[in-house]
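Survey of secondary and tertiary structure
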Amino acid sequence: MPSQLDRPGGAGSSVSTPAPAQPDAAIAPAPPAPTPVPAAAPFLPPRWTKPPPAAPLAFKPPPPVPPSVAVPTGAPGEVPAFLRDLAPAPTPIATPAEQRKPSPYRAAPPPQAPTGQERAGWLAKLKTGLKKTGTGIQAVFVNAQIDEDLYEELETALLMADTGVKATESLLEELRGRVKSTIATDAAQVRVLLADVLTDLLKPLEKQLVIGEHTPTVIMVAGVNGAGKTTSIGKLTKHLADEGCAVLLAAADTFRAAAREQLLVWADRNTVEIVSNEGGDPSSVSFDAVKAGKARGKDVVLVDTAGRLPTQIHLMDELKKIKRVVTKADASAPHEVLLVIDGNTGQNAVAQVKAFDDALGLTGLIVTKLDGTARGGVLAAIARERPIPVYFVGVGEKLEDLETFSAREFAQALLG
């Protein structure tokens, strides 16, 4: 055992080599040296060695509220007043009535004629459809001089287009006056003046079909066999349905075979309802359709009547009966009585207009098949002798080949 003198630090110790240290409670151990902080490793992400940057605010915070001002809490779920300026304005929800497209057939707002590329496309189609009628008239002005020969050739061309004697005389008389007043010097100017004169003559026929003044608007459609009456009803249904109108069809043509089935096809194609009764009385079907239209809140009731010639007196009497029965279902009905005429019939169309107007009191016309005839000038004859509005003209078999009538467009398409 070593003695007390052998321990390092002991009194009188002469030993240079220290012995192993022994724990002694009387002597306090030295404090441990501080651990050095390692330098940031070059591969460590910066966010581990320095605080991350503050993220930008996603929204503007509300202004501080003074302590003396009380913030109203309002009703549960209500946005506080001081936050309303920060919140975006709510998008208004359109009502079912506002979701409908503005219709050119409704009473309010006033109807607007289609414009833009859609109408330009229709004008090109109308020019193509009236090509047979317009070719003979336009040929008169090729390399022509302004003299009596020009007027004589123009008279012949207008009569060949079934413009009619009275309308032709009226057009030429007005044209002569305008040529003198404008001092026209070439045939091209005369053709432009003729287009203006024809537009003025056809202007009384330009009128829009109005839907909405009555609920439902009852439209009675008549016409001779083969004029395209049922097909025109299908196209008109398409027009009205596209404008947001709820349409109900009445298959009151029980005289012609398969007429009911044809109308059923159009009803299915346009997804509209139909009232029919195979072998039933036309007046009874019309009465039921008007009552159903009122009960179901329909906008339009289209009544398809049997085609007939104006010389068939007993059938014309039946047509008058349908009108009387419709009036019993609705005292103000029918609101429109339309006649479908075939453009191929020429001057015979004028006789049809007069006969049906005398029997029913026509309110409008639909002129079809203008693309297959050289007799499109019959509209001028109608304007001169029985100016009943032309609501629609057709130049083809497709649904979009029936469009509203414009006097200026018709004159431009006819004269090029």
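Predicted, not measured: the structure shown is a model, and the values here were computed from it.

This next bit is on the overall build of the chain. Check the secondary structure of the chain and you find 14 helices and 8 strands. Across the 416 residues that make up the chain, the buried fraction comes to 40%. Here the contacts in the chain between residues at least 6 apart in sequence split such that 76% fall between residues at least 24 apart. When the accessible area of the chain is evaluated, it comes to approximately 23,300 Å², of which 58% is carbon and sulfur surface.

Turning our attention to helix 7 (residues 187-202). Across its 16 residues, helix 7 extends 22 Å between first and last C-alpha, which sits within 8% of the 22 Å expected from 1.5 Å per residue. Residues Ala 187, Val 190, Leu 193, Leu 194, Ala 195, Val 197, Leu 198, Thr 199, Leu 201 and Leu 202 constitute the buried set of helix 7.

What follows covers the nonpolar core. Of all hydrophobic cores here, the largest spans 100 residues; its most connected members are Ile 137, Phe 141, Leu 154, Leu 202, Leu 302, Phe 356 and Phe 405. The element that contributes the greatest number of residues to this core is helix 7, accounting for 9 residues. Leave out the neighbours within four places in its chain, and Leu 154 touches Ile 137, Val 140, Phe 141, Leu 172, Leu 175 and Leu 194.

Side chains of Asp 147, Asp 149, Glu 152, Glu 153, Glu 155, Glu 169 and Glu 173 sit close together on the surface and give a patch of like negative charge. For the negative patch, the elements supplying multiple residues, two or more each, are helix 5 (148-160) and helix 6 (165-182). Checked against the element boundaries, Glu 155 lands in helix 5. The exposure class of Glu 155 is partly exposed, given its relative accessible area of 33%.

Let us look at the sheet that holds strand 1 (residues 217-223). Here we have 8 strands laid out as an open sheet, ordered 3-2-4-1-5-6-7-8, and mixed in their pairing. For this open sheet the edge positions go to strand 3 (273-275) and strand 8 (402-404), each flanked by a neighbour on one side alone. For this sheet, the mean inter-axis angle between neighbouring strands, taken without regard to orientation, is 25 degrees. Relative to strand 5 (residues 336-342), strand 1 is paired through 5 bridges, and the arrangement is parallel. Each residue of the ladder has a partner; that of Met 220, found in strand 5, is Val 337. The strands touched by helix 12 (residues 347-360) within the sheet are strand 1, strand 5 and strand 6 (364-368), with strand 5 carrying the most contacts at an inclination of about 160 degrees.

So, on to the packing of aromatic side chains. All told, the structure shown has 1 aromatic pair when counted by the stated rule. Lying across the ring of Tyr 151, Arg 176 places its NZ or CZ 4.1 Å from the centre.

Quick look at the pattern of salt bridges now. Tallied over the entire structure, the rule returns 16 salt bridges. Of the charged contacts in the structure, one is a salt bridge between Arg 375 and Asp 162, with a shortest N-O distance of 3.4 Å. In this pair, Arg 375 sits in the loop between strand 6 and helix 13 (378-385) while Asp 162 sits in the loop between helix 5 and helix 6, placing the two residues 213 residues apart along the sequence. Exposure remark for Arg 375: the relative accessible area of 37% places this residue in the partly exposed category. In this structure Asp 162 comes out as buried when scored by relative accessible area, which is 14%.

The terminal C-alpha atoms of helix 11 (residues 313-329) lie 25 Å apart, and with 17 residues this matches the ideal 24 Å at 1.5 Å per residue to within 8%. Taken as a whole, helix 11 has its buried residues at Leu 315, Met 316, Leu 319, Ile 322, Val 325, Val 326 and Ala 329. Contact partners of the buried residues in helix 11: strand 1, helix 10 (282-295) and helix 12.

Next up on the list: the packing of helix 6 against helix 7. Running from amino to carboxyl end, helix 6 crosses helix 7 at an angle of 130 degrees, the nearest separation of the two axes being 9 Å. When the axes of helix 6 and helix 7 are compared, the pair comes out oblique. Between helix 6 and helix 7 the crossing geometry is right-handed. Between helix 6 and helix 7, the residues in contact are Ala 167, Leu 171, Glu 174, Leu 175, Arg 178, Val 179 and Thr 182 and Val 190, Leu 193, Leu 194, Asp 196, Val 197, Leu 198, Asp 200 and Leu 201, respectively.

Attention now moves to the side chain of Thr 305. By the element assignment, Thr 305 lies in the loop between strand 4 (300-304) and helix 11. Thr 305 gets classed as buried once you look at its relative accessible area, which sits at 0%. Within the structure, Thr 305 has its side chain in polar contact with the backbone oxygen of Val 221 (distance 2.6 Å). Ignoring anything within four residues of it in the chain, the contact list for Thr 305 reads Met 220, Val 221, Ala 222, Lys 229, Ala 252, Asp 253, Leu 319 and Ile 322.

Moving on, we get to the environment of Gly 164. By the secondary structure assignment, Gly 164 is in the loop between helix 5 and helix 6. A relative accessible area of 9% means that Gly 164 is categorised as buried. When the C-alpha positions of Gly 164 and Ile 382 are compared, they lie 8.9 Å apart, and in sequence the two are 218 residues distant. Leave out the neighbours within four places in its chain, and Gly 164 touches Leu 159, Gln 347 and Ala 381.

Once that is clear, we can look at the packing of helix 6 against helix 13. In the contact formed by helix 6 and helix 13, the axes pass within 8 Å of each other and the chain directions differ by 90 degrees. Between helix 6 and helix 13, the angle falls in the class roughly perpendicular. Residues Lys 166, Ala 167 and Ser 170 of helix 6 lie in contact with helix 13, whose contacting residues are Ala 380, Ala 381, Arg 384 and Glu 385. Residues that form the contact of helix 6 with helix 13 fall into these classes: 3 nonpolar, 1 polar and 3 charged.

What follows covers unusual backbone geometry. Cis geometry marks the peptide bond from Thr 215 to Pro 216, where omega comes out at -5 degrees. Looking at the secondary structure, you find Pro 216 in the loop between helix 7 and strand 1. Going from Ala 333 to Pro 334, the amide bond is cis rather than trans, its omega being -5 degrees. You will see that Asp 162, though not glycine, has its phi angle at about 60 degrees, which is positive. One non-glycine residue, Ile 183, adopts positive backbone phi at about 55 degrees.

Analysis parameters
Residues numbered from 1 in each chain as written. Predicted model: local features only at pLDDT ≥ 70, side-chain atom pairs only at ≥ 80, totals over all residues. Heavy atoms only, no water. Helix = DSSP H or I, 4+ residues; strand = E, 2+ residues; numbered from the N terminus. Buried < 20%, exposed > 50% of the residue type's maximum accessible area, 1.4 Å probe, protein only. Contact = heavy atoms within 4.5 Å. Areas by Shrake-Rupley, 256 points an atom, 1.4 Å probe, with all protein chains shown as cover. Expected span 1.5 Å × (residues − 1). Core = buried A, V, L, I, M, F, W, Y, C linked by side-chain atoms within 4.5 Å. Patch = residues over 30% accessible without salt bridge, like charges linked within 9 Å, V, L, I, M, F, W, Y side chains within 5 Å. Salt bridge = Lys/Arg side-chain N within 4 Å of Asp/Glu carboxyl O. Lys, Arg positive; Asp, Glu negative; His and termini not counted. Charge placed at Lys NZ, Arg CZ, Asp CG, Glu CD. Pairing = 2+ DSSP bridges. Axes fitted to C-alpha atoms, helices over the stretch in contact; angles between N-to-C directions. Phe/Tyr/Trp six-rings, centres within 6.5 Å; stacked < 30°, edge-to-face > 60°. Lys NZ or Arg CZ within 6 Å of the ring centre and 35° of its normal. Parallel < 35°, antiparallel > 145°, perpendicular 65-115°, else oblique. Left-handed = near helix turned anticlockwise from the far one by under 90°. Polar contact = N/O pair within 3.5 Å; in protein donor to acceptor, adjacent residues only side chain to side chain. Nonpolar A, V, L, I, M, F, W, Y, C, P; charged D, E, K, R; others polar.

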